[in-house]
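Summary of the model geometry
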Amino acid sequence: MDKLKQLFTPDELQHIEAGKEKYLELVEDIKLTKDYEDTDKYRHLYIYGPSGLGKSYLVNQILKVSGNVVETVSVGTSMFNFGIRCCELKAKYGDKKIFLWVDDCNELFSKEENVNIMKKVLFDDRVFHYDKRIKSQLYLLTETIKQAVTSFLTSGQGFIVPMNSFCFIFASNRRLPIEKTIRSGMDQHRFAIRNKIQVHDMIMDADTKWGYIAYVSLTSNTNSEKVPDLIKVEAVKFMREHWQHLESHSLNLIYKMMQDYRHSSSGYKNKWLRYAK
């Protein structure tokens, strides 16, 4: 990165430095989660921020480095499907530590009933308790998952899964309320969640967001290892110049631009212009 600084203006370097600080803050919070102890009360992490900044890749890169068990839950999962996934993982790993990445967790905290379930999961009883009748839904599951769920069925209805070995990393574009933004009873419930877990709010203005994308693009080899550094610089400068007209402001767009260069090192600029609507 240092050898490329001469290619940027002082203002651009200032924004890249601000973006770098945001990136390193996120890395530090993920590392704190990775190194949690069983006795830690605030083991779970909630990341609020815009999509397309490489959060999934970063979480997996940091957590898996020590051979940890890292699993994911489908984007936008329902509470029922979230519980089924927990059954599956608990049956598979037993009491082994499990890091569960939940991308787009909005549904899990969308209403009071769900928040109360998640309170028990995260810090009260540390169990997932789904108390609705599910026997009619079991036939929809694969045989393996059905066996896993069956082992956690209660004598009445629903199922209960011990969650003491789970550590959750949530991602959302919906911020958990801070005290001064509480406007409703639902806000109060979600504020209670905020008070009992680690929260990382990725709040950035447009210049800092560009700096974040530029810093990661110029320092990471992901998806761009065969692209010259000068092209990477050209790509992030193109993003800044056309910021107001781009289809998205994300690392994914930069990676698309890198692919355009690899496919046509002579005509890539014309392809880039398609992204500026």
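Just above sits the structure.
Residues numbered from 1 in each chain as written. Predicted model: local features only at pLDDT ≥ 70, side-chain atom pairs only at ≥ 80, totals over all residues. Heavy atoms only, no water.

**A short note on the packing of aromatic side chains**
Counted only if it meets this: Here a pair means two rings of Phe, Tyr or Trp (six-membered ring of Trp) with centres within 6.5 Å. Their orientation is stacked below 30 degrees between planes, edge-to-face above 60, and tilted elsewhere. The numbering of helices and of strands both runs from the N terminus, where a helix is a DSSP run of H or I of at least 4 residues and a strand a run of E of at least 2. Burial classes: relative accessible area under 20% of the type maximum marks a residue as buried, over 50% as exposed, and values in between as partly exposed (1.4 Å probe, protein chains only). By the criterion adopted, a ring carries a charge over it if an Arg CZ or a Lys NZ lies within 6 Å of its centre and within 35 degrees of its normal.
Summed over all chains, the structure comprises 17 aromatic pairs. Relative to Phe168, the ring of Phe82 lies with its centre 5.7 Å away and its plane at 40°, an arrangement referred to as tilted. On the criterion of sequence distance, the pair formed by Phe82 in helix α3 (residues 79-93) and Phe168 in strand β6 (residues 166-172) is long-range, its members being 86 residues apart. Taken as a pair, Phe82 and Phe168 share a single burial class, namely buried. With a centroid separation of 6.5 Å and an interplanar angle of 5°, the aromatic rings of Phe128 and Tyr130 are classed as stacked. For the pair shown, Phe128 and Tyr130 are each scored as buried. Among the aromatic residues, those joined into a ring-pair cluster are Tyr46, Phe80, Phe82, Phe109, Phe128, Tyr130, Phe159, Phe166, Phe168 and Phe170. Lying over the aromatic face of Trp210, Arg240 brings its terminal NZ or CZ to 5.1 Å of the ring centre.

**Here we look at the packing of helix α1 (residues 10-34) against helix α2 (residues 55-63)**
Test applied: Throughout, an axis means a line fitted to C-alpha atoms (over the contacting stretch in the case of helices), and angles, computed between N-to-C directions, take values from 0 to 180 degrees. Roughly parallel here means an angle under 35 degrees, roughly antiparallel means over 145, roughly perpendicular means 65 to 115, and every remaining angle is called oblique. Rotating anticlockwise by less than a right angle from the far helix to the near helix defines a left-handed crossing, while the corresponding clockwise rotation defines a right-handed one. When checking whether two residues touch, look at their non-hydrogen atoms; a contact exists if any pair is within 4.5 Å. Residue classes follow a fixed rule: Ala, Val, Leu, Ile, Met, Phe, Trp, Tyr, Cys and Pro count as nonpolar, while Asp, Glu, Lys and Arg count as charged, and any other residue, Gly among them, counts as polar.
One way to put it is that α1 packs onto α2 with a least axis distance of 10 Å and a crossing angle of 45°. The orientation of α1 relative to α2 falls into the category oblique. In the crossing of α1 with α2, the sense of the turn from one axis to the other is right-handed. Contacts between α1 and α2 involve Tyr23, Leu26, Val27, Ile30, Lys31 and Lys34 from the first element and Lys55, Leu58, Val59, Ile62 and Leu63 from the second. When grouped by side-chain class, the residues that make up the contact of α1 with α2 number eight nonpolar, no polar and three charged.

These figures capture arrangement, not role.
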